[in-house]
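# Summary of the model geometry
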Amino acid sequence: MKIPLIFFVLFFSYSVLADEISDFEISGVSVGESLLNYYTEDEIIKRINEVGGDGYNDKYYGIYFNDENKKYDRVSYVIKYSKNDYIKKNNEFIIEGLRGQIFYKDDFSKCLQEKNIAYSNIFKIFDNAEIVNDETRPHFADTSGESIGHNITFKLKGGYIQILCMNWTEEFTKKNGWNDNLSIQITTKKFGDFLDSL
């Protein structure tokens, strides 16, 4: 049985304990699945070409879609994607990471409250959760150093869960259109280890 992560983390339901990262889903999707289960190949490639995303050394690619289930403002996917594999018709678009974001345009304190609820409840959901990162620091994208992220990362069997509240400066938000947000991200161990190697 798949368990919607946002509901259990933020809304106080403790009846299920789990160990495996793949037991949980964001907006109906779990890591390890193919994005082709949810979007056509044409939709995925169109999104990559039109909106762009984050490329990771021609191994992975990050793209986002607006959440059709309306639980989040945006859902992002990191897929195993290589242009070389795509040319060879050898791409399955396996999801190695996914993130749900809820925007807090005028109430960052609410974001921090929700993050703290998620932090305290994560141990009630995952009986083997281990904190590997708990920090507040400037985000590298804002060279002023004034946009601050409040991050907690948990290591679990098969991967990681990250809970992040991002507080962008007003100037950075106006320039880039990025909003303060609560982000819940699930990644496979494989992708998490890949990021650590960069």
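This structure is a prediction, so every number in the text was calculated from the model and none was measured.

Moving on, we come to the nonpolar core. Ranked by size, the top nonpolar core spans 39 residues in total, and within it Leu-35, Ile-44, Ile-48, Tyr-77, Ile-79, Phe-126 and Ile-161 carry the most contacts. Listed by contribution, the elements that provide at least two residues to this core are α2 (41-50), β4 (60-65), β5 (74-80), β6 (95-103), α4 (108-125), β8 (148-156), β9 (159-167) and β10 (181-188). Sorting elements by how many residues they give to this core places α4 first, with 5 residues.

With that settled, the discussion passes to the packing of aromatic side chains. On inspection of all chains with the given rule, the structure shows 10 aromatic pairs. Ring plane angle 65° and centroid distance 5.0 Å describe the contact between Trp-168 and Trp-178, whose orientation is recorded as edge-to-face. You can see Trp-168 sitting in the loop between β9 and α5 (170-176) and its partner Trp-178 sitting in the loop between α5 and β10, a full 10 residues away along the chain. Trp-168 gets classed as buried once you look at its relative accessible area, which sits at 9%. Overall, the relative accessible area of 37% leaves Trp-178 in the partly exposed class. With centroids separated by 5.2 Å and ring planes inclined at 70°, the aromatic side chains of Phe-172 and Trp-178 adopt a geometry described as edge-to-face. Taken together, Tyr-39, Phe-65 and Tyr-77 form an aromatic cluster joined through their ring pairs. A cation over an aromatic ring shows up here: Arg-47 above the ring of Tyr-64, its NZ or CZ 4.7 Å from the ring centre.

Rules and cut-offs
- Residues numbered from 1 in each chain as written.
- Predicted model: local features only at pLDDT ≥ 70, side-chain atom pairs only at ≥ 80, totals over all residues.
- Heavy atoms only, no water.
- Core = buried A, V, L, I, M, F, W, Y, C linked by side-chain atoms within 4.5 Å.
- Buried < 20%, exposed > 50% of the residue type's maximum accessible area, 1.4 Å probe, protein only.
- Helix = DSSP H or I, 4+ residues; strand = E, 2+ residues; numbered from the N terminus.
- Phe/Tyr/Trp six-rings, centres within 6.5 Å; stacked < 30°, edge-to-face > 60°.
- Lys NZ or Arg CZ within 6 Å of the ring centre and 35° of its normal.

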